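# Survey of secondary and tertiary structure
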Amino acid sequence: MWQKNKPYLLLFPAIGTIVLLFFGGLFDGFLKSLGYFPALDQKDFNFTAYRELFRSSEFWESLILTLRVAFLSSLFAAVLGAIIAIFLFMMKESTNGSNSSIWYRLFQLPLTIPHLVGGYIIVLLFMQSGFLSRIATNLGFIETISEFPVLVNDSFGWGIILTYAWKEAPFISLMIYPVLSRIHSSWRDVSRVFGASRWNYVREIVIPVMMPAWTIATFIVFVFTFSAFEVPFLLGVTYPSTLPVYSYQLYTSGTLADRPEALAVNIILASFTVLLGLVVYAVNKRWNALKGWD
Amino acid sequence: MKPQLFIKISLSLLVFLLMFLPFIPLILSSLSFGWQWPAIIPDSISFRAWDYVLFGSSGTWQAVGVSLLIALIVTIINILLAVPAANALVRNSFRGKWLMEAIIFAPIIIPPFVAVMGIHLTFLKLGLTETIVGVVLAHLSPTLPYMVRAIMISYQTLSVDWEDQARMLGAGPVSRFTLVVLPHLLPGIVAGASLSILISLSQYLITFIIGSGQVVTLSILLFPFISGGDPAIASAYSLLFAGMAIMTLFGLDVLLKKYYQQKKAVTNKG
């Protein structure tokens, strides 16, 4: 009896906490998105909030912006992350592993920076009177502040994209580097015997090996940037705003009537991330991505 | 030799562009006093912002204390919840295991603020808003999955044979856990604690919703400054905040190394 129930008992505290605080919150939010507010004597269910949302152009613009920002952020982070990982790997190979761990640690720095600080760093660098604009002026590329492109608090979302590309690239390299470091150094020698140049070797061996882990890591970054709040709140504009910011604006707008709509945005957002999460799970299972191969 | 030099130069350039350059304006701005465009270096250096942040009556240290207190309580609760859970998930196969894993790891995929916004009114009714307890409860679900994951990795390399061996030598359940299991899990616990602290420290939205602005952590204190406040003070706060996160991780790393050194010394003596 004890042996059979032991795993459930051991799991109970953790599962209970998540079910109560997390799924309870999701369910609570779902009921309220259907207009169920017992405290306000509203006890019937309706889809008004969802219908209103799908009818408003603000929601659709917000969705498009969110998808665009998440797509471009994860794309840039993926490319930059892969470059870092490949250089680290080549460094390790050419020095037989000594002192490459210092480099590896250096690149983890942006991961430890809180998102709000990361966003502010991008503000100081890229705003029209920012550091890069000052450098460009002193080098004679531009003459007035307004000649520098608007990259922060812009309606396209460049500031958000830049922040995520910078902050998530180390995450991507962190996910693919362990797979790369399983490549045996003798493989390079074999490829050389067959006359492969360094570039051939990278293209034919290194990139295919890291492909599954790379895809998964990029997907994770996409899901994260799709649903993150802090950076778009700081670096975006009020209209159009990304879905999490839009939900927050509705929630804090002051009128209680907007709250079901805010919670409806949240439920849509959550369903979307669950869907993406299932894709990640399936891909990982199919490819055994994070280990590389068996 | 030539390609190696190329790799080294490229890596150095990447490190400079990604790790050093972004921090230069932050540091300069925190030391500036009216930094006119297009000067690259501020005309006059002033410690006014740092003076305000560190010694002024700005509530900085209270916010640092509140942030660390919340992160610490969250992390301790996480360890207590995660060790048995990780044990069950790694060492047993049972019915519904996939569901248990799905439940525990769901907050990694579904943004936690969705759950927090949903539960907000219930917390309000229970009197948990505007309290540290409420904020701690809100921080649990975004951090717990990472703690479970980290400890699971440690459990995967801990064979049951070791505990059986200790049992044969007469160790009871308590000493088996403290002398065999816990030391082996320690690196995983420290890794999980680092993540848990880091995530808790950097939360803004869920702290703001549940704390309603009354529980002032460093990110709550920071936000008005970085969204259009005094840039010098915003920069000084940002550096302090980033420094705090890095120092906490560094401190945990040093503690772990020290623990192993001490253990090595003890075993050598024995």
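Reading the values: rules and limits
Residues numbered from 1 in each chain as written. Chains lettered and ligands numbered in written order. Predicted model: local features only at pLDDT ≥ 70, side-chain atom pairs only at ≥ 80, totals over all residues. Contact = placed C-beta atoms within 7 Å. Helix = DSSP H or I, 4+ residues; strand = E, 2+ residues; numbered from the N terminus. pLDDT = per-residue confidence, 0-100. Buried ≥ 20, exposed ≤ 12 C-beta atoms within 10 Å, placed from the backbone. Expected span 1.5 Å × (residues − 1). Core = buried A, V, L, I, M, F, W, Y, C linked by C-beta atoms within 7 Å.

Here the focus is the interface of chain A and chain B. With 61 residues of chain A at the interface, the matching set in chain B holds 65 residues. Sort the elements by how many residues they give to the side of chain A that touches chain B and helix α1 (residues 2-33) of chain A lands first, with 17 residues.

Quick look at the confidence of the model for chain A now. With 95% of its residues at a pLDDT of 70 or more, chain A shows a mean pLDDT of 86. Taken element by element, the predicted model of chain A shows its lowest mean pLDDT in helix α4 (residues 100-106) of chain A (75) and its highest in helix α6 (residues 115-126) of chain A (93).

A negative phi holds for most residues other than glycine; trans holds for most peptide bonds. A cis geometry characterises the amide bond from Tyr-239 of chain A onward to Pro-240 of chain A, with omega recorded as -5°. Mapped onto the elements, Pro-240 of chain A comes out in the loop between α11 (230-235) and α12 (243-251). In this chain, Trp-37 of chain B is followed by Pro-38 of chain B through a cis amide linkage whose omega measures 5°. Here Pro-38 of chain B is to be found in the loop between α2 (23-30) and α3 (48-54). Of note in this structure, Glu-130 of chain B is not a glycine but carries a positive phi near 65°. Considering the arrangement of structural elements, one finds Glu-130 of chain B in the loop between α6 (112-126) and α7 (132-156). Judged by the 15 C-beta atoms lying within 10 Å of it, Glu-130 of chain B is partly exposed. Located in the positive-phi region is Ser-212 of chain B, a residue other than glycine, with phi close to 50°. Relative to the assigned elements, Ser-212 of chain B resides in the loop between α10 (205-211) and α11 (218-226).

On average, residues of chain B score 88 in pLDDT, and 98% of them are at 70 or above. Across the assembled chains, the prediction reports ipTM 0.88 with pTM 0.88.

Here we take up helix α13 (residues 259-287) of chain A. Compared with the 42 Å implied by 1.5 Å per residue over 29 residues, the 42 Å span of α13 of chain A between its first and last C-alpha is a close match. For α13 of chain A, every residue scored as buried is listed here: Arg-259, Pro-260, Glu-261, Ala-262, Leu-263, Ala-264, Val-265, Asn-266, Ile-267, Leu-269, Ala-270 and Thr-273 of chain A.

The biggest cluster of nonpolar side chains holds 152 residues, and the ones touching the most others in it are Ala-85 and Ile-176 of chain A together with Ala-82, Ala-85, Val-148 and Ile-151 of chain B. At 14 residues, the largest contribution of residues to this core is made by helix α3 (residues 57-94) of chain A. Residue contacts for Ala-82 of chain B: discarding those within four places in its chain leaves Ala-14 of chain A together with Leu-144, Met-147, Val-148, Ile-151 and Gly-192 of chain B.

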